[in-house]
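The residues making up each chain are set out below.
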Amino acid sequence: MLSLPERVTIIEVGPRDGLQNENQFVPTEVKKRFIHALRLAGITEMELTSFVSPRWVPQMADAAEIVADCLDDKKKDIVLTPNRKGIDRLLATNCQAAAVFVGVSNSFNLKNINKSTSDSMAELRPLIERLKEKQYFVRACVSTAFYCPYEGKISEQDTHELCREFIEAGVDELSVADTIGMAVPSEAYSLFSRLKDQFSDILLTAHFHDTRKLGLANIMACLQAGVDRFDTAAGGLGGCPFAPGATGNTATEDVVYMLERMGIHTGVDLSKLLEAIEIVRPYVSHPIESSYYRLHQRE
Ligand code: HMG
Ligand code: MG
């Protein structure tokens, strides 16, 4: 007998993870309309943008304007912040939800944020404490939780250990990521059931890139492990510029379609989601490949 939740929370990462990998700059006005349309489709938690170095990720150079103009729910509209400078930039806005991000793999972390995993944690610990003193919501994105493009297989124990460090640092949520889309459902079930079991008080979210089209299968395995929060991107957009070979996130519309057909409430309206995808589609460098989009494509 399948054990399923009654409802699932979708954390939309399209405006951030979805667009950060696009080489051509997507006009800021288009990003704003995309974010607005995603809200109209029923998205309540969303990564808006990143306060990262614009030299490293030029696509996120308009982050301050995005936050100033698009902030709606200051605890549920999230901004990625890798370091002290990112958090100082966040503190200068009205947004009160930060996502810090660290790779289990040291090699990946060096490529992504130019620091070792342990140096990143040493920098972030007091910053997380400072954010929590101010009652901010803090999400920790744990990258390369299964596989790394440079180191290969990551041990479940190492991922578990980094999650524990983040929890001890005081975060509210763990978003545990298959950065290069290589995990299979047995691995997803094993890691997430262990995290659910050991860290029952934390908000636990799964973030699957869909490189090998295993995102839905992995989400199904996570539902069985008791996970009811998933990061997804409208149109299946996304990828990390520092994770070669990784493609987009599992598409929000495919996840919502599957869940709703199983009687699991998401609060997301599929036809309005297609309208949101249409806003960014002309600006992305590849066709939208999600099954739901292809079957319902407008002429
Ligand atoms: P660095 O070069 O070591 O930084 O980069 P630095 O501290 O030496 O500073 C160099 C310059 O960057 C200085 O400017 C700083 O002011 C500036 P300059 O004086 O040369 O003009 N700087 C910043 N500017 C704006 N915002 C900041 C900031 N920090 C420094 N926060 C750094 C280190 C972390 C900045 C860089 O490596 C970086 O920006 N990395 C971000 C990479 C990134 O965005 N990756 C994608 C997001 S993670 C992801 O996608 C994975 C996820 O989806 C989960 C999964 O799928 O795995 C979350
Ligand atoms: Mg990602």
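Residues numbered from 1 in each chain as written. Chains lettered and ligands numbered in written order. Predicted model: local features only at pLDDT ≥ 70, side-chain atom pairs only at ≥ 80, totals over all residues. Heavy atoms only, no water.

Undergrad: Please give an account of the overall build of the protein chain that cites residues and values.
TA: Regarding its fold elements, the protein chain presents 12 helices and 10 strands. Its C-alpha atoms give the protein chain a radius of gyration of 17 Å, near enough to 19 Å, the size a compact globule of 299 residues would have. Principal-axis analysis of the C-alpha atoms places the extent of the protein chain at approximately 50 × 50 × 35 Å. A total of 299 residues make up the protein chain; the buried ones form 56% of that total. Sequence-distant contacts, at least 24 apart, represent 73% of the contacts inside the protein chain between residues at least 6 apart. Approximately 12,500 Å² of the protein chain is accessible, and the part contributed by carbon and sulfur atoms is 48%. Averaging the coordinates of the 32 positive side-chain charges in the protein chain and doing the same for the 41 negative ones gives two points 3 Å apart. (Helix = DSSP H or I, 4+ residues; strand = E, 2+ residues; numbered from the N terminus. Rg over C-alpha atoms; globule rule 2.2 N^0.38 Å. Buried < 20%, exposed > 50% of the residue type's maximum accessible area, 1.4 Å probe, protein only. Contact = heavy atoms within 4.5 Å. Areas by Shrake-Rupley, 256 points an atom, 1.4 Å probe, with all protein chains shown as cover. Lys, Arg positive; Asp, Glu negative; His and termini not counted. Charge placed at Lys NZ, Arg CZ, Asp CG, Glu CD.)

Undergrad: Requested: an account of the packing of aromatic side chains, with residues and values cited.
TA: Per the stated rule, a full pass over the model turns up five aromatic pairs. Ring pairs connect the aromatic residues Phe 146, Phe 192 and Phe 208, which therefore count as one cluster. The ring of Tyr 147 carries the charged tip of Lys 153 above its face, separated from the ring centre by 5.0 Å. (Phe/Tyr/Trp six-rings, centres within 6.5 Å; stacked < 30°, edge-to-face > 60°. Lys NZ or Arg CZ within 6 Å of the ring centre and 35° of its normal.)

Undergrad: With reference to specific residues and values, describe unusual backbone geometry.
TA: Even without being glycine, Gln 135 reaches a positive phi, approximately 65°. Mapping Gln 135 onto the fold places it in the loop between helix 6 (117-133) and strand 5 (137-143). Phi at Thr 144 is positive, roughly 45°, even though this residue is not glycine.

Undergrad: Give me the site of ligand 1: which residues, what numbers.
TA: In the neighbourhood of ligand 1, 28 residues make up the surrounding shell, with Gln 20, Arg 55, Asn 114, Ser 143 and Thr 179 lying closest. Note that an oxygen atom of ligand 1 is positioned 3.0 Å from one of the side-chain N or O atoms of Lys 85. Here an oxygen atom of ligand 1 and a side-chain polar atom of His 207 are 3.0 Å apart. Burial of ligand 1 by the surrounding chains reaches 76%, relative to a free accessible area of 1,100 Å². Among the elements of the structure, helix 1 (14-20), helix 4 (84-91), helix 5 (106-113) and strand 5 are those that each provide at least two residues to the shell around ligand 1. Class assignment of the residues belonging to the shell around ligand 1 gives a composition of 13 nonpolar, 10 polar and five charged. (Near = heavy atom within 4 Å. Polar contact = N/O pair within 3.5 Å; in protein donor to acceptor, adjacent residues only side chain to side chain. Nonpolar A, V, L, I, M, F, W, Y, C, P; charged D, E, K, R; others polar.)

Undergrad: Tell me what's going on with the sheet that holds strand 10 (residues 229-232), and back it up with residues and numbers.
TA: Ordered in space as 1-2-3-4-5-8-9-10, the eight strands form a closed barrel in which the pairing is parallel. Taking the axes of each pair of neighbouring strands and ignoring which way they run, one obtains an average angle of 25° across the sheet. Direction of pairing for strand 1 (residues 9-12) relative to strand 2 (residues 45-50): parallel, over a ladder of two bridges. Within the sheet, the bridge partner assigned to Glu 12 lies in strand 2 and is Met 46. Sheet contacts for helix 2 (residues 28-40): strand 1, strand 2 and strand 3 (77-80); angle to strand 2, the most-contacted strand, approximately 170°. Taken strand by strand, helix 10 (residues 252-261) contacts strand 1 and strand 10, and its axis lies near 175° from that of strand 1. (Pairing = 2+ DSSP bridges. Axes fitted to C-alpha atoms, helices over the stretch in contact; angles between N-to-C directions.)

Undergrad: Talk me through the side chain of Thr 117; I want residue IDs and the actual numbers.
TA: Here Thr 117 is to be found in helix 6. Judged by its relative accessible area of 13%, Thr 117 falls in the buried class. The contacts of Thr 117, once residues within four sequence positions are left out, are Val 102, Gly 103, Val 104, Ser 105, Asn 106, Asn 109 and Leu 162.

Undergrad: Outline the nonpolar core, supporting the account with residue identities and numerical values.
TA: Grouped together as the largest cluster of nonpolar side chains are 103 residues, with contacts concentrated most on Phe 34, Phe 166, Leu 174, Val 176 and Phe 192. At seven residues, the largest contribution of residues to this core is made by helix 11 (residues 270-280). Apart from residues lying up to four places away in sequence, Phe 166 is in contact with Val 100, Val 102, Met 121, Ile 128, Ala 140, Val 142, Val 171 and Leu 174. (Core = buried A, V, L, I, M, F, W, Y, C linked by side-chain atoms within 4.5 Å.)

Undergrad: So what about the pattern of salt bridges? Which residues, and what values?
TA: Scanning the entire structure with this criterion turns up 21 salt bridges. In this structure, Lys 32 engages Asp 69 in a salt bridge whose closest nitrogen and oxygen atoms are separated by 2.6 Å. Taken together, the positions of Lys 32 in helix 2 and Asp 69 in helix 3 (residues 63-70) put the pair 37 residues apart, joining distant regions of the chain. A residue is classified by how much of its surface remains accessible, and Lys 32, at 13% relative accessible area, is buried. A salt bridge links Arg 229 to Glu 173; its shortest N-O distance comes to 3.0 Å. Within this pair, whereas Arg 229 is found in strand 10, its partner Glu 173 is found in strand 8 (residues 173-178), the two being separated by 56 residues in sequence. (Salt bridge = Lys/Arg side-chain N within 4 Å of Asp/Glu carboxyl O.)

Undergrad: Tell me about the packing of helix 8 (residues 185-198) against helix 9 (residues 215-224), and please be specific about residues and values.
TA: The N-to-C vectors of helix 8 and helix 9 enclose an angle of 30°; their axes lie 8 Å apart at closest approach. Helix 9 is crossed by helix 8, and the crossing has right-handed handedness. Of helix 9, the residues touching helix 8 (which contributes Pro 185, Ala 188, Tyr 189 and Phe 192) are Ala 217, Asn 218, Ala 221, Cys 222 and Gln 224. Partitioned by chemical class, the residues of the contact of helix 8 with helix 9 number seven nonpolar, two polar and no charged. (Left-handed = near helix turned anticlockwise from the far one by under 90°.)

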